[in-house]
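# Analysis of the macromolecular model
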Amino acid sequence: MTDADSWQPVQRVRTYEQVMAQIEERILDGRLKAGDHLPSERELAVSLGVSRPSLRESLRVLEALGIVDVRRGGEGGAVLVGTPGPGFVNLLKLQLALGHFSHTDVLETRLALEEWSSAEAAQRASEADHHALGGILDAMDDTEIDVREFNRLDAAFHVAIAESTGNALTAHFMGSLRTAINRQMIEAYERLENWHETAITVRAEHRAILEAIEQHRTADVVQLMSEHITSFYQLGNVGGVSNTAG
């Protein structure tokens, strides 16, 4: 990391993209890893043969993507982040808002993720996971709960199931997808004539899913999860998915 000769001076016009390319290359080939510090802004600009504004532009893009954490002030340069950042969530949210993926695409992707996660949870989830899931459902039983809090806990329940599988990528993707569709889910609840009645059904379905997970009933939990998601999308017309969906 301190060897200036390993950085190649940027030659092309779009300087910031070339800076990003060199940083990305070092991440991909293992020369840079999570937790590593880049050289200071001054040192890196000299090594790359670029201006500091061009370097800052590339670092801003990488920071927005959740790849680096730019430490402003103090010693040292940017740091490669050690945990997934919000970049993917924000990108997915905008892609969905722009209609790059159809509502049916979202439903089918959710079904694939949720069915796999619930099946794996039935085999892998620990007693601590069962307890955590039960705690979320207890909070959802609050009679004074509003739509937004109910939906937040609903999302937390599904994400917790994914987390209980031990697959970090699936859990991150599940959390990102639920965050990205948060607005659509709330709007679906608000369109209901009486969302409290639907909430009673959702609570009961959640309890049945948790019971199947606790009892390691893999086939049952997959069917329960599939019916739970599909029926709500149909009832709430989430994102325009009609009663012909699924």
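Preceding this paragraph is the structure being described.
As the structure is a prediction and not an experimental result, all values here were calculated from the model. (Residues numbered from 1 in each chain as written. Predicted model: local features only at pLDDT ≥ 70, side-chain atom pairs only at ≥ 80, totals over all residues. Heavy atoms only, no water.)

## A word on the overall build of the protein chain
Looking only at helices and strands, one finds 11 helices and 2 strands in the protein chain. Its helices and strands in sequence order give the protein chain the pattern α-α-α-β-β-α-α-α-α-α-α-α-α, from N to C terminus. Taking all 246 residues of the protein chain together, 41% fall into the buried category. Long-range pairs, those at least 24 residues apart, make up 68% of the contacts in the protein chain with a sequence separation of at least 6. A total of about 13,300 Å² of accessible surface is found on the protein chain, and carbon and sulfur atoms cover 52% of it. (Helix = DSSP H or I, 4+ residues; strand = E, 2+ residues; numbered from the N terminus. Buried < 20%, exposed > 50% of the residue type's maximum accessible area, 1.4 Å probe, protein only. Contact = heavy atoms within 4.5 Å. Areas by Shrake-Rupley, 256 points an atom, 1.4 Å probe, with all protein chains shown as cover.)

## Concerning the packing of aromatic side chains
Within the structure shown, the criterion is met by 5 aromatic pairs. Ring plane angle 85° and centroid distance 5.7 Å describe the contact between Phe150 and Tyr189, whose orientation is recorded as edge-to-face. With Phe150 in helix 7 (residues 147–163) and Tyr189 in helix 9 (residues 182–191), this residue pair connects regions lying 39 residues apart in the sequence. For Phe150, a relative accessible area of 0% corresponds to the buried category. Clustering of aromatic rings is evident, with ring pairs tying together Phe150, Tyr189, Trp195 and Phe232. (Phe/Tyr/Trp six-rings, centres within 6.5 Å; stacked < 30°, edge-to-face > 60°.)

## A short note on helix 8 (residues 168–180)
Given a rise of 1.5 Å per residue, 13 residues ought to cover 18 Å, and the 18 Å separating the end C-alpha atoms of helix 8 matches this to within 8%. Buried within helix 8 we find Thr170, Ala171, Met174, Ser176, Leu177, Arg178 and Ala180. Those residues of helix 8 hidden inside the fold are in contact with helix 4 (87–97), helix 5 (103–124), helix 7 and helix 9. Regarding helix 8, its N-cap is Asn167, as a side-chain oxygen of that residue lies 3.2 Å from the backbone nitrogen of Leu169 further along. (Expected span 1.5 Å × (residues − 1). Polar contact = N/O pair within 3.5 Å; in protein donor to acceptor, adjacent residues only side chain to side chain.)

## Quick notes on helix 7
End to end, helix 7 covers 24 Å across 17 residues, agreeing with the expected 24 Å (1.5 Å per residue, within 8%). By the criterion of burial, helix 7 is predominantly enclosed, with 12 of the 17 residues buried. Buried within helix 7 we find Val147, Phe150, Asn151, Leu153, Asp154, Ala155, Phe157, His158, Val159, Ala160, Ile161 and Ala162.

Nothing here speaks to function; it is geometry throughout.
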